[in-house]
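Residue strings, one per chain:
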Amino acid sequence: MAESALVRMSGIGKRYGGVQACHEVEFSLGSGEVHALLGENGAGKSTLMKILSGDVTDYDGRIEIAGETVHFGGPTDAQAAGIAMIHQELDLVPALSVADNIFLGRELRTPYRTVDRRRMDREARALLERSGVNLDPRRPVGELRVGEQQLVTIAKAISLDARVLIMDEPTSALTTSEVERLFAVIRELRRSGVGIVYISHRMEEIAQVADRATVLRNGQIVTTFDPRKLTTAEVVEAMVGRPVQTMFSTPDAPTGDELLRVEDLVLKPRRPRPGRRDPEGISLTVRSGEIVGLCGLLGAGRTELLETLYGVAPGGTRTGRIVLQGKEIRPRSPRHALAQGIGLVPEDRRASGLVLFHSILANTVVSSLPAYGRLGVIARRMERLASVRMADRLRLKFGRLQDDVGTLSGGNQQKVVFGKMLLTEPKLLLLDEPTRGVDIGAKAEIYRLLGELAGQGLGVLLASSELPELIGVCDRVVVLRDGRDVASFRTSDSGESDLLAAAMGESAVFEEVRK
Amino acid sequence: GCGTTSERTSDEPQAQSSKECKGADGKYVIGMSQANVAEPYRQRMDDDIKAAAAEVPQFEVKFADAAQDNAKQVADVENYITQQIDLLIISPNEAKPLTAVVKKAYDKGIPVLVLDRKVEGDAYTGFIGGDNVQIGTEAGKYVAEKVLPNGGSVVELKGLAGATPQAERHDGFAAGIKANPKIKVIGSASGDWLREKGQAQMDALLKAHPKIDVVYAHNDPMAEGAYLAAKAVGREKEMKFIGIDALPIPSGGIKAVEQGRLTATFTYPTNGKEAIAAAKKILVDCGTVEKSQVLPTRLIDKANAAQIYAQENPNG
Amino acid sequence: MTAVQDKPATPVERASGGVAATLFRFQSVFGLLAVFVAAIIFSPRRDGEILFLSADNLANVVRAVSEIGIIAVGMTFVILIGGIDLSVGAVLGLAAVGSAVLMVESDWGFLPSIVVVLAIGLVFGALQGMATAMIGIQSFIVTLAGLQIARGLARIWSDGQGVAIAYGDGPNEAPSSFALLGERTFGGLVPIPVLIFAVVAIAAVVFLRISAFSRHLYAVGGNEKAARLSGVPVIRVKIAVFAICGLLASLAGVVHAVQLNQGSPNDGIGYELDAIAAVVIGGTSLAGGRGSVAGTVAGALLLGVLNNVLALNNIDSNIQLLIKGLVIVAAAALQRLRPAS
Amino acid sequence: MTAVQDKPATPVERASGGVAATLFRFQSVFGLLAVFVAAIIFSPRRDGEILFLSADNLANVVRAVSEIGIIAVGMTFVILIGGIDLSVGAVLGLAAVGSAVLMVESDWGFLPSIVVVLAIGLVFGALQGMATAMIGIQSFIVTLAGLQIARGLARIWSDGQGVAIAYGDGPNEAPSSFALLGERTFGGLVPIPVLIFAVVAIAAVVFLRISAFSRHLYAVGGNEKAARLSGVPVIRVKIAVFAICGLLASLAGVVHAVQLNQGSPNDGIGYELDAIAAVVIGGTSLAGGRGSVAGTVAGALLLGVLNNVLALNNIDSNIQLLIKGLVIVAAAALQRLRPAS
Ligand SMILES: Nc1ncnc2c1ncn2[C@@H]1O[C@H](COP(=O)(O)OP(=O)(O)OP(=O)(O)O)[C@@H](O)[C@H]1O
Ligand SMILES: Nc1ncnc2c1ncn2[C@@H]1O[C@H](COP(=O)(O)OP(=O)(O)OP(=O)(O)O)[C@@H](O)[C@H]1O
Ligand SMILES: [Mg+2]
Ligand SMILES: [Mg+2]
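Residues numbered from 1 in each chain as written. Chains lettered and ligands numbered in written order. Predicted model: local features only at pLDDT ≥ 70, side-chain atom pairs only at ≥ 80, totals over all residues. Heavy atoms only, no water.

With an unreviewed UniProt entry as reference, chain C is termed Sugar ABC transporter permease, source organism Kribbella lupini. According to its UniProt record, chain C has this under Subcellular location (unreviewed entry): "Cell membrane". (UniProt positions renumbered as here; feature names shortened; annotations may be inferred.)

In the annotation of an unreviewed UniProt entry, chain A is listed under the name Sugar ABC transporter ATP-binding protein and assigned to Kribbella lupini.

See below:
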């Protein structure tokens, strides 16, 4: 393998101000190999791959592609050398169509040098189908769900016909069935000799697809191993540097009084948007101290339910009741919801959660400012203190509080959004994929924290696409399908397959089985 | 105009006879196309026309403001043509760009009175205006002979670069002071016709020149701005301020002379009254008017300011 | 600021279905239609004839907006990449002066003069593009400086005076071929400037539809990082867009000179704001990435019709300012009615 | 467009360490320093005295920029939330007219007149804020319309002519207390307008440092959607910011009236561009979310020093345009020098 390596990176180093993102990293990839890259948030995985894909150009060390030393001046150079990357943050152009996004920078031309829209549409449709989604290639990407956007980026990367394909958390917004489809594609690519770097925080995926796994910690290689031979616990210990005990520590604390009751919630927006699934009849309850999961397929309406409860749903007529602590409420705006003690951690942290070029401090405290002073004047010491405490509590990996939040690794950005909401001391916390892109150690932290908060009487409504998370963390899971609640399970006496079956509907399960 | 004659001279009789003169029994719509109303002088011109027309029961006057844009003024005149007005009064923003559209109106049989700035050729009924070169010359002579007979230093605050009156008031002044070679123009700056710009430019001129005897500004607002600047550093007594325009309004130059801020100013007639008189001659009296009527300028100084103000603006 | 809610036309929006969608696809035209109908209703009549609708008057309306329209097409490109160009009015002045000086004072021929003048606009725009794309200065500042520089150059070139254009074969006369640009065609009905505007607009619409470059332009404005990662030559796109805008501004300057028989260094003062207004009323977002040339044309015409009907009714110029302000806001508010998609 | 590379001040940025960082924290002052030094070098001298540096010249420099400076402070707020306000020059004119008409023609007292004039500016700004925040029209369009409306109102209120201000106790005379605003204090050295500017600027700097509102303002400009989801009252913040900007513009109008002894409806034409230039030269990003009032003050002073030294040297006005354009670009380019972080 050593001789035939498709990619060989040696002595790679990269420093961002005070942060050593990569240090003396040795990394190789053979053709037809799936090489998983693991590590905590901020370990340097994305940085290493950005170096390989030509996005980061000032680094130390050497890169060889098929035995030849290269130095890319930009992503275009890397693409020319056959290296494609699916970026962790979905970098798409909202106003352009799916097809235009897929072929951006390499548009297909007619003999007259004009854009060949028809051929692009056709090929885009084929590519999308290959990665497992049936999307109109002419739809603007800005209209798509996060999960769909992720599939578009996958299709785009596949379309490059690369020798080396880097996937940086390609599945963080996908549900089980889309992940399965993606793995099928990966296997196919592997057969045709493509080398794949696969980055994910979902441990169960690593064992399924990877041939080899490398663990990074603090920018340095810790170990390389065969993922089929190690247990998850061992991998996690390598990543985090210490054993992590019970991943899911559902405390099964006694739950208290009813905190939230949603009765037959229906939202008819004034102006319906294609692709949105507003509540069409949802009833559920959350008790204080209880963690209730929301399960469903892509587009089941989980996000829309949480948005409605948080007062950010589009205008329209709402019927049904939302009762918080025995009092009916009509959430008008996030501000109003927050005042009632409802907090939301949104799904798309970069677009909806953070001001990327503002400091960690400013981002953490923005929702709870009145707590740090009086008469509209901020006591700087108090806000710093609150911010530092929250960072400690969430084990945030950062340089200084004044650093831009955008320079944090993806998982750490997520923690900042989480911390911001916790600082408002909510009674009810709405979480939309709160651990998307969060490393396993930090996840454990977050779960522990959730358990702790629940113990203090907080109620949590948690929408997630990760079934193990739902089963492990929640007391109860409500399954949504097409904007309605279709089933409810106690996690103590049901498993992932029950949830999946309910989410897909019986007929769908039947079809799966037939295959 | 610069004396070029148009090859496309229209035949006069056709223009005049295409319309029957209805005389005193008619009702007449007059369109007034103003270059811009941001200059106090031009606003005053409109006001004068309005006031004079109010005395003629047959007249109704419409106003358009081109906001200093030649192209907009062309459109304004085109719109008047569309409306089939009975007479056009125009105070062109610039000569050449308005020539064609004025000719178009004239050829359609609409009598045209051109105020203040000429258009080229002779496709108009009558021109009424002042002479900026002459005004500049008068100002120059006044400085050379009355204010600084023994010589001295002058600074000049010019109007907006590129504007015709700016060039003419400058050239005239230069010619006027030639008579006295001991007079030196030691500095000049562009005040863009604006009071605040005149003030700011004068701040610097005062700094740069320890001794200034006369400030010659191309209009009264800039002269007033210069006065304020000099007053701020306590040097307003050291020099004399001379402006142009002499509008008979409270914020105008005549009042400034009367109140002692300016030493002198020179009237630049708005021609509003004269224009309506000419229109009356053409439409109501079915007569003809002079092709060109140049109104003389008049020196306003402490001696006559109050009297002329009362005469020109009896109610204010 | 309204980037989140904003949803003007996107290049690929046309494929989606539904009656409402079809209607709203032409939303930028709604405001224009409304103003047009209002113009007919409020138009003065003579002998039963609606003056506003007379062929002559309609030709005047379009002629009057043709220069702003040409500029606004270029401005649309600049705004689509998230920039702004404040220099267009001054470049128009510079080009008008250039045409006049070259043809009249230097006695150059028609073609060489036009080519040089257009090249000046192109290069001026490209230089501004370089300053913003390569040094990274905000385009507002670069082009504000560009405005002053172009204005200063025009004043120096023309000695601060308007240069009158007379036609003929003699010395100090412009070739009569130039005069043709200002004439009317199709039976004296359609002014050539209108034709030029139409050609520019149609070319731009088609170009945006079929070229790969247009995809790159939307990408740079919509998500610059994504564009860069996809291998879009971001810097080249920016420079090209500013160059196109400069070129069109100088084309408008040529048209201006021939329409007014003069090139004056003070021509085009404030045109940048009118052009930007046309673009934004046409539904293009100042945040970049969304908008269309068709919308811009509708916006320019809306402003033209509005000016015309106010003038035809001889509304007092101060009241006109008020009405115009309110109509502009109303037209922009109309844009906000959208079936969300 | 340059949002990616831009790095002006963001909230709570000031605590960080390092010599280079400390230096670059004051980067917006670099351009000012450079121009200041150039001004000293190129200043004319008399008897060895550097004229530019004389106390009363420096006072003049600041006096001349005080109005633009006051406006630019308000503009900074608007630009920080990602908006723009083109109406400030017209609001200045309206306020100048208002002060003159109320005190001179209506013979109102000093205080009631000022209060009413400032309230008009505040309400005018707030209305614009509502149109952009609540209907979602781009602020460029709203305030472009606002510009026209304010200008129209000012013309109507003043009958189109400047209203001269004479002081005294008689009818049609303004109270002499008003005249005091235009005087100089501290031994006749510091003009009161400069003092007002200084107070406004310092108040704004302190306000942006310590108030919770300022965090909201930066958040709205940085990412409006995230701000809303974080519970920031986005609409209220926007309205408040436009109201503040209108208030400061009308304050500048009062200062303008007293400095020129006149309120004219044409006062302040084009001031919006100067104010925006000051803000942007001061390092505030037009994309919103980053920038500082200190930078804006430096930007305004830079423009003032530049104007002054060009005037002191009697540079030809056309050449002045060129030099100003180039210096503005150079100053903005200086802002791009940053230690990589
Ligand atoms: N542009 C940047 N500026 C400054 N620091 C950066 C930048 N990009 C990354 N870093 C820092 O480099 C380190 C490595 O980040 P990287 O994104 O590679 O982590 P990662 O392993 O991909 O984490 P995650 O699993 O959360 O995506 C982090 O500490 C991060 O804060
Ligand atoms: N057509 C659309 N236009 C604008 N926003 C949309 C559109 N469709 C969906 N969204 C937004 O995308 C998000 C929903 O998509 P998302 O990716 O969350 O789906 P999901 O999480 O897989 O499914 P679920 O609806 O079950 O949460 C919401 O924020 C919703 O408002
Ligand atoms: Mg990463
Ligand atoms: Mg979701």
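That covers the picture; the talk isn't over yet.
A. Layout of the nonpolar core. Of all hydrophobic cores here, the largest spans 233 residues; its most connected members are B:Leu88, B:Val112 and C:Phe178. Per-element accounting of this core gives the leading share, 14 residues, to helix H11 (residues 234-260) of chain C. Not counting the four nearest positions on each side in its chain, C:Phe178 is found in contact with C:Ser99, C:Met103, C:Phe110, C:Ile114, C:Ile165, C:Tyr167, C:Val254, C:Ala257 and C:Val258. In this structure, A:Leu354, A:Leu369, A:Leu449 and A:Ala454 belong to the second largest nonpolar core, which totals 79 residues. (Core = buried A, V, L, I, M, F, W, Y, C linked by side-chain atoms within 4.5 Å. Buried < 20%, exposed > 50% of the residue type's maximum accessible area, 1.4 Å probe, protein only. Helix = DSSP H or I, 4+ residues; strand = E, 2+ residues; numbered from the N terminus. Contact = heavy atoms within 4.5 Å.)

B. Spatial organisation of the packing of aromatic side chains. A complete count under the given rule lists 16 aromatic pairs over all chains for this structure. Note on B:Tyr227 and B:Phe241: the rings are 5.5 Å apart at their centroids and 80° apart in plane angle, and the pair reads as edge-to-face. Residue B:Tyr227 is found in helix H8 (residues 220-232), and its partner B:Phe241 is found in strand S9 (residues 240-245); the two are separated by 14 residues along the sequence. Each of the two residues, B:Tyr227 as well as B:Phe241, counts as buried. Seen from their ring centres, C:Phe36 and C:Phe52 are 5.3 Å apart, and the 70° between their planes marks the pair as edge-to-face. Taken together, the residues span a long stretch of sequence, with C:Phe36 in helix H2 (residues 27-42) and C:Phe52 in the loop between strand S2 (49-50) and helix H3 (55-80) at a distance of 16 residues. The class of C:Phe52 is buried, set by a relative accessible area of 0%. (Phe/Tyr/Trp six-rings, centres within 6.5 Å; stacked < 30°, edge-to-face > 60°.)

C. Representation of the interface of chain B and chain D within the structure. Taken together, the contacts link 29 residues of chain B with 30 residues of chain D. Here chain B and chain D share an interface that buries about 2300 Å² over both sides, 46% of which is from carbon and sulfur atoms. It is B:Arg195, B:Glu196 and B:Lys207 in chain B that bury the most area against chain D; as a group they hold 26% of the surface buried on that side. Residues B:Asp203 and D:Arg63 are paired through a salt bridge, measuring 2.8 Å at the closest nitrogen-oxygen approach. One can count 11 residue pairs in polar contact (both at pLDDT 80 or more) joining chain B with chain D. Elements supplying a minimum of two residues to the side of chain B that touches chain D: helix H2 (40-54), strand S7 (183-190), helix H7 (195-208) and H8 of chain B. Residue contributions to the side of chain B that touches chain D peak at nine residues, all from H7(B). Looking at side-chain class alone, the side of chain B that touches chain D contains 13 nonpolar, eight polar and eight charged residues. (Buried area = accessible area lost by both parts, 1.4 Å probe. Salt bridge = Lys/Arg side-chain N within 4 Å of Asp/Glu carboxyl O. Polar contact = N/O pair within 3.5 Å; in protein donor to acceptor, adjacent residues only side chain to side chain. Nonpolar A, V, L, I, M, F, W, Y, C, P; charged D, E, K, R; others polar.)

D. Looking closely at the site of ligand 1. All names here are of chain A. Around ligand 1 sit 20 residues, and of these Asn41, Lys45, Ser46, Thr47 and Thr407 come closest. In this structure, Gln88 approaches ligand 1 through a side-chain N or O atom, which is 2.8 Å from an oxygen atom. Measuring from an oxygen atom of ligand 1, one finds a side-chain N or O atom of Ser409 at 3.0 Å. The fraction of the free accessible surface of ligand 1 (630 Å²) that becomes covered by protein chains is 87%. Taken together, the elements giving at least two residues each to the shell around ligand 1 come down to strand S2 (19-29), helix H1 (45-52) and helix H14 (410-422). The leading source of residues in the shell around ligand 1 is H1, at three residues. For the shell around ligand 1, the per-class residue count stands at five nonpolar, 11 polar and four charged. (Near = heavy atom within 4 Å. Areas by Shrake-Rupley, 256 points an atom, 1.4 Å probe, with all protein chains shown as cover.)

E. A look at the interface of chain C and chain D. In this assembly, 50 residues from chain C lie in contact with 50 residues from chain D. Buried surface at the junction of chain C and chain D, both sides included, amounts to about 4400 Å², of which 73% is carbon and sulfur. For the interface between chain C and chain D, the tally reads zero salt bridges. Among the secondary structure elements, those contributing two or more residues to the side of chain C that touches chain D are helix H5 (110-135), helix H6 (139-157), helix H12 (271-281) and helix H14 (317-336) of chain C. Take the side of chain C that touches chain D: its biggest share by element is 13 residues, from H6(C). Classifying every residue of the side of chain C that touches chain D by side-chain character gives 29 nonpolar, 14 polar and seven charged.

F. Structural detail: the confidence of the model for chain A. Residues and elements named next belong to chain A. Summing up the model confidence of chain A, the mean pLDDT is 87 and the portion of residues at 70 or higher is 95%. Put simply, helix H18 (residues 506-514) is where chain A has its lowest mean pLDDT, 47, and strand S16 (residues 342-345) is where it has its highest, 95. Here residues 507-515 scores under 50 on pLDDT; set against residues more than four positions off or in separate chains, the count is three contacts. (pLDDT = per-residue confidence, 0-100.)

G. Highlighting the sheet that holds strand S12 (residues 280-287) of chain A. Residues and elements named next belong to chain A. Strand order in the open sheet made by the four strands is S12-S11-S14-S15, with antiparallel pairing throughout. Two strands bound the open sheet, and with one partner strand each, they are S12 and strand S15 (327-328). Here two bridges tie strand S14 (residues 316-324) to S15, and the two strands are oriented antiparallel to one another. Across the sheet, residue Leu324 finds its bridge partner in S15, namely Lys327. (Pairing = 2+ DSSP bridges.)

H. Structural context of the sheet that holds strand S1 (residues 7-16) of chain A. All names here are of chain A. Spatially, the four strands line up as an open sheet ordered S2-S1-S4-S5, and their pairing is antiparallel. Here the strands that pair on one side only, and so sit at the sheet edges, are S2 and strand S5 (68-70). The average angle at which neighbouring strand axes cross in this sheet is 30°, direction not considered. Examined bridge by bridge, strand S4 (residues 60-65) and S5 share three bridges and lie antiparallel to one another. Bridge assignment links Ile63 to a residue of S5, and that residue is Val70. Of the strands in this sheet, S1, S2 and S4 touch H1, which is tilted by about 120° from S1. (Axes fitted to C-alpha atoms, helices over the stretch in contact; angles between N-to-C directions.)

I. Layout of the pattern of salt bridges. One pass over the structure, following the stated rule, counts 53 salt bridges over all chains. Among the salt bridges present, the one from D:Arg215 reaches A:Glu383, with a minimum N-O distance of 2.8 Å. Residue D:Arg215 is found in helix H9 (residues 212-222), and its partner A:Glu383 is found in helix H13 (residues 380-393); the two belong to separate chains. Judged by its relative accessible area of 4%, D:Arg215 is buried. Residues participating in the shared-partner salt-bridge network are A:Arg190, A:Asp211, A:Asp226, A:Arg228 and A:Lys229.

J. Main features of the coordination of the magnesium ion (ligand 3). Residues and elements named next belong to chain A. Each protein donor to the magnesium ion (ligand 3) is listed here as Ser46 (OG) and Gln88 (OE1); together their distances run 1.9 to 2.1 Å. Separated by 42 residues along the polypeptide, Ser46 in helix H1 and Gln88 in the loop between strand S6 (83-86) and helix H3 (98-102) bring together distant segments of the chain. The same class applies to Ser46 and to Gln88, which are both buried. (Donors = N, O, S within 2.8 Å, 3.2 Å for Na, K, Ca; no water.)

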